[in-house]
Amino acid sequence: MSQPVVEEEPDPVAEEAEVHWRYEGEEGPEYWADLSPEFAACGQGVEQSPIDLSRSIPAGTVPLERRLATPALTVEQRARVMDLIDNGHTIQVTNDVPMALDLGDEHFELVQFHFHAPSEHTFEGRHAPLEVHFVHKSAAGQLAVLGVMIEEGEHMPLLDVVLDALPEHPGDSRHLEDLDLDMTQLRPLPDEYFVYEGSLTTPPCSEDVLWIVMGEMREISPEQMAELTSHLHDNYRPVQPLGDRQLSLVSR
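Quantities reported herein were computed from a predicted structural model and do not represent experimental measurements.

What counts and what doesn't
Residues numbered from 1 in each chain as written. Predicted model: local features only at pLDDT ≥ 70, side-chain atom pairs only at ≥ 80, totals over all residues. Heavy atoms only, no water. Salt bridge = Lys/Arg side-chain N within 4 Å of Asp/Glu carboxyl O. Buried < 20%, exposed > 50% of the residue type's maximum accessible area, 1.4 Å probe, protein only. Helix = DSSP H or I, 4+ residues; strand = E, 2+ residues; numbered from the N terminus. Contact = heavy atoms within 4.5 Å. Disulfide = S-S within 2.5 Å.

### Let's talk about the pattern of salt bridges
Tallied over the full model, the rule gives 2 salt bridges. Between Arg174 and Glu168 there is a salt bridge, with its nearest N and O atoms 3.8 Å apart. Arg174 sits in the buried class, given a relative accessible area of 9%. Residue Glu168 is classed as exposed on the basis of its relative accessible area, which comes to 56%.

### A look at the environment of Thr202
Along the chain, Thr202 turns up in the loop between β13 (192-199) and β14 (207-214). Judged by relative accessible area, Thr202 falls into the partly exposed class, the value being 21%. Separated by 153 residues in sequence, Thr202 and Ser49 have C-alpha atoms that sit 9.0 Å apart. Apart from the residues lying within four places of it in its own chain, the contact partners of Thr202 are Trp21, Tyr23 and Trp32.

### Examining the state of the cysteines
Across all of its chains, the model carries 1 disulfide by this definition. Disulfide pairing places Cys42 opposite Cys205 at an S-S distance of 2.1 Å. On the S-S bond that ties Cys42 to Cys205, the torsion sits near 90°, and the link is right-handed. Of the two residues, Cys42 is situated in helix α3 (residues 41-44) and Cys205 in the loop between β13 and β14; the sequence distance between them amounts to 163 residues. Taking relative accessible area as the criterion, Cys205 reaches 0% and is therefore assigned buried.

So, to be careful, I would describe these as geometric facts and stop short of saying anything about function.
Structure, rendered in structure tokens:
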């Protein structure tokens, strides 16, 4: 059943207050650090994201286990209301009810999720066609981002709700009500996931972000992939050096 859709006007004041950046040209990723002093971490940071992910690492490495107490990951997820916005960089979705993520003893509430095409993280040097980032925040302000890679395959009914309400133009937003969605299709509890300390993948590239990237891809139909990626236009940041960081591979 189609859901009621309400058009909302963009906020031009908020748009003008932001430093303009893009994914290409002289405002693209290699120049982000030069666009504003607030973006300095994009060029000077040593724990930047995304990175390349490899299974040829020791499973359940010690440093992050010690910080997180246990590597157990649990997810709470249900949606009744959604707001979608095309912010000029991605399609961003927020929900009305808290969707939580618990990693060890730390509790995080979902703030929003959004899409990148192709993926920002890579598996063994290869991009997936699409990646979803679920951005969470703890009561103390710590950010944790859950990354889910997506490839073409079986149709995902849940995604139709998003596709049916995609904003037509950058700056447009849509409001959906009376939903009863189980988000596990898009945000499942994984059997295997990577964990590492990183950053936001967009300016200001702030560090001290905890990343959890699922080890298995989800599937959507070729038609769903084509419709969604037509709104994204290569909105990915190239992979960054791992450096001295520890990458953990955790199995449940």
